[in-house]
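Listed below, chain by chain, are the residues.
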Amino acid sequence: QVQVVESGGGLVQPGGSLRLSCAASGSVYDIKAMGWYRQAPGKQRESVARISSGGRSNYADSVKGRFTISRDNAKNTVYLQMDSLKSEDTAVYYCNVELWGPIGYWGQGTQVTVSS
């Protein structure tokens, strides 16, 4: 099977930065895309950023200009560089791995808290 593990979450002050990492391991033969979602209490889970194996990326309007998604296909790893963080970015961030099928896998989530 496929295991998805996120890391890099934590507590930062407004205006600070974090970099999240997500590594997929196991029976990973063909990844179509990897992306980041987030969910705050009482809110719908939303797509934050997504990048295809070919390098095409997209972002939610709320994070454009502040977040950057990148990937290392050889390592089956995706990163989310988060700059100029706001309190509104506080959420559990989940990594999603899309395989051709379509089949998707989720990580357990990592907490990002932006607070003074």
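Presented here is a report on the structure given in the accompanying data block. (Residues numbered from 1 in each chain as written. Predicted model: local features only at pLDDT ≥ 70, side-chain atom pairs only at ≥ 80, totals over all residues. Heavy atoms only, no water.)

1. Looking at the packing of aromatic side chains
Then, number 1: For the structure shown, the criterion picks out one aromatic pair.
Then, number 2: Where Tyr37 meets Trp106, the ring centres are 4.9 Å apart and the plane angle is 65°; that geometry is what we call edge-to-face. Highlighted residues: Tyr37 in strand S4 (residues 31-39) and Trp106 in strand S10 (residues 103-106), separated in sequence by 69 residues.
Then, number 3: One Lys or Arg, Arg45, reaches over the ring of Trp106 and ends 4.8 Å from the middle of that ring. (Phe/Tyr/Trp six-rings, centres within 6.5 Å; stacked < 30°, edge-to-face > 60°. Helix = DSSP H or I, 4+ residues; strand = E, 2+ residues; numbered from the N terminus. Lys NZ or Arg CZ within 6 Å of the ring centre and 35° of its normal.)

2. Details of the side chain of Asp89
Then, number 1: With respect to the helices, strands and loops of the structure, Asp89 is situated in the loop between strand S8 (77-82) and strand S9 (91-99).
Then, number 2: For Asp89, the side chain forms a polar contact with the main-chain nitrogen of Lys86, separated by 2.8 Å.
Then, number 3: In this view, Asp89 contacts Arg38, Arg66, Phe67, Ser84, Val112 and Val114; residues no more than four positions away in its chain are not counted. (Polar contact = N/O pair within 3.5 Å; in protein donor to acceptor, adjacent residues only side chain to side chain. Contact = heavy atoms within 4.5 Å.)

3. Observations regarding the nonpolar core
Then, number 1: The biggest cluster of nonpolar side chains holds 31 residues, and the ones touching the most others in it are Trp36, Leu80, Met82, Tyr93 and Val97.
Then, number 2: Of all the secondary structure elements, the ones that give two or more residues to this core are strand S1 (2-7), strand S3 (18-26), S4, strand S5 (46-52), strand S7 (67-72), S8, S9 and strand S11 (110-114).
Then, number 3: With five residues, the top contributor of residues to this core is S9.
Then, number 4: Discounting chain neighbours no more than four positions away, the residues touching Tyr93 are Glu6, Leu20, Trp36, Tyr37, Arg38, Val48, Phe67, Leu80, Met82, Gly109, Thr110 and Val112. (Core = buried A, V, L, I, M, F, W, Y, C linked by side-chain atoms within 4.5 Å. Buried < 20%, exposed > 50% of the residue type's maximum accessible area, 1.4 Å probe, protein only.)

4. Description of the sheet that holds S8
Then, number 1: One open sheet holds the four strands; their spatial order is S1-S3-S8-S7, and the pairing between them is antiparallel. A strand with exactly one partner marks an edge of an open sheet, and here the two such strands are S1 and S7. When the angles between neighbouring strand axes are averaged without regard to direction, this sheet yields 15°.
Then, number 2: Direction of pairing for S7 relative to S8: antiparallel, over a ladder of six bridges. Counterpart to Thr68 in the pairing with S8 is Gln81. (Pairing = 2+ DSSP bridges. Axes fitted to C-alpha atoms, helices over the stretch in contact; angles between N-to-C directions.)

5. A look at the pairing of S8
Then, number 1: Most of S8 sits out of view: five of its six residues are buried.
Then, number 2: Note that S3 and S8 share six bridges and pair antiparallel. By the bridge assignment for S8, Ser21 is matched with Tyr79.
Then, number 3: What sits between S7 and S8 in their antiparallel hairpin is a turn of four residues, with Asn76 showing a positive phi close to 50°.

Without other data, these values stay purely geometric and don't point to any function.
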